[in-house]
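So the chains spell out like this:
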Amino acid sequence: MPLSSHRSSDIPHIDAADPLPGAGERVGRWAEPYQQAETEMWVVYLRFPELLGDDVRLVDTLTATDWESLSGLMDQQNALAADARSGAGGA
């Protein structure tokens, strides 16, 4: 018999396409921001850097000294990306 037919309903099963437990669905352009232990700088990475396009103002990594600054930079990048998608941006 296949292994899956022996699986009990109380044993969790994760398919390759499922999000990791506790991680939830991935939403938005940015991964989870974190604070580096050594430098105490806040860092966040773009989830899909290959989607940056040709606009040189768009970046795949943001770094700031505090959460508020990082959040502001993320908002700025989101607006630039929206402009680039609509054709209003350029560089």
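Analysis parameters
Residues numbered from 1 in each chain as written. Predicted model: local features only at pLDDT ≥ 70, side-chain atom pairs only at ≥ 80, totals over all residues. Heavy atoms only, no water. Pairing = 2+ DSSP bridges. Helix = DSSP H or I, 4+ residues; strand = E, 2+ residues; numbered from the N terminus. Expected span 1.5 Å × (residues − 1). Buried < 20%, exposed > 50% of the residue type's maximum accessible area, 1.4 Å probe, protein only. Arc of directions from axis to C-beta. Contact = heavy atoms within 4.5 Å. Polar contact = N/O pair within 3.5 Å; in protein donor to acceptor, adjacent residues only side chain to side chain.

1. Side note on the pairing of strand E2 (residues 42-45)
Move 1: Inspection of the sheet shows strand E1 (residues 34-35) paired to E2 by two bridges, in the antiparallel sense. Of the residues in E2, the one forming a bridge with glutamine 35 is tryptophan 42.
Move 2: Hairpin connection from E1 to E2: six residues lie between these consecutive antiparallel strands, with glutamate 40 at a positive phi of about 60°.
Move 3: The sheet contact formed by E2 and strand E3 (residues 61-64) spans four bridges and is antiparallel. If you follow valine 44 over to E3, its bridge partner there is leucine 62.

2. Comments concerning the sheet that holds E3
Move 1: The sheet built from three strands is open, its strands ordered E1-E2-E3 with antiparallel pairing. Looking at which strands have only one partner, the edges of the open sheet turn out to be E1 and E3.

3. Focus: helix H1 (residues 67-86)
Because each turn of an α-helix spans 3.6 residues, side chains separated by three or four positions end up pointing in the same direction.
Move 1: Here H1 spans 29 Å end to end across 20 residues, near enough to the 28 Å set by a 1.5 Å rise per residue.
Move 2: Those residues of H1 lying buried are Leu70, Met74, Gln77, Leu80 and Ala81. Down the axis of H1, the sector holding all buried residues measures 130°, keeping them to one side. Exposed side of H1, more than 90 degrees from the buried face: Glu68 and Ser86 are the residues found there.
Move 3: Contacts made by the buried residues of H1 are with E2 and E3.
Move 4: Between the side-chain oxygen of the N-cap and the backbone nitrogen of glutamate 68 there are 3.3 Å, and the N-cap of H1 in question is aspartate 66.
Move 5: Positive phi appears at glycine 87, one or two residues downstream of H1, with a value of about 90°.

4. Observations concerning the environment of alanine 81
Move 1: Topologically, alanine 81 is positioned in helix H1.
Move 2: When its relative accessible area of 5% is taken as the criterion, alanine 81 is described as buried.
Move 3: Separated by 52 residues in sequence, alanine 81 and arginine 29 have C-alpha atoms that sit 9.7 Å apart.
Move 4: Among residues more than four places away in sequence, those in contact with alanine 81 are Arg29 and Leu58.

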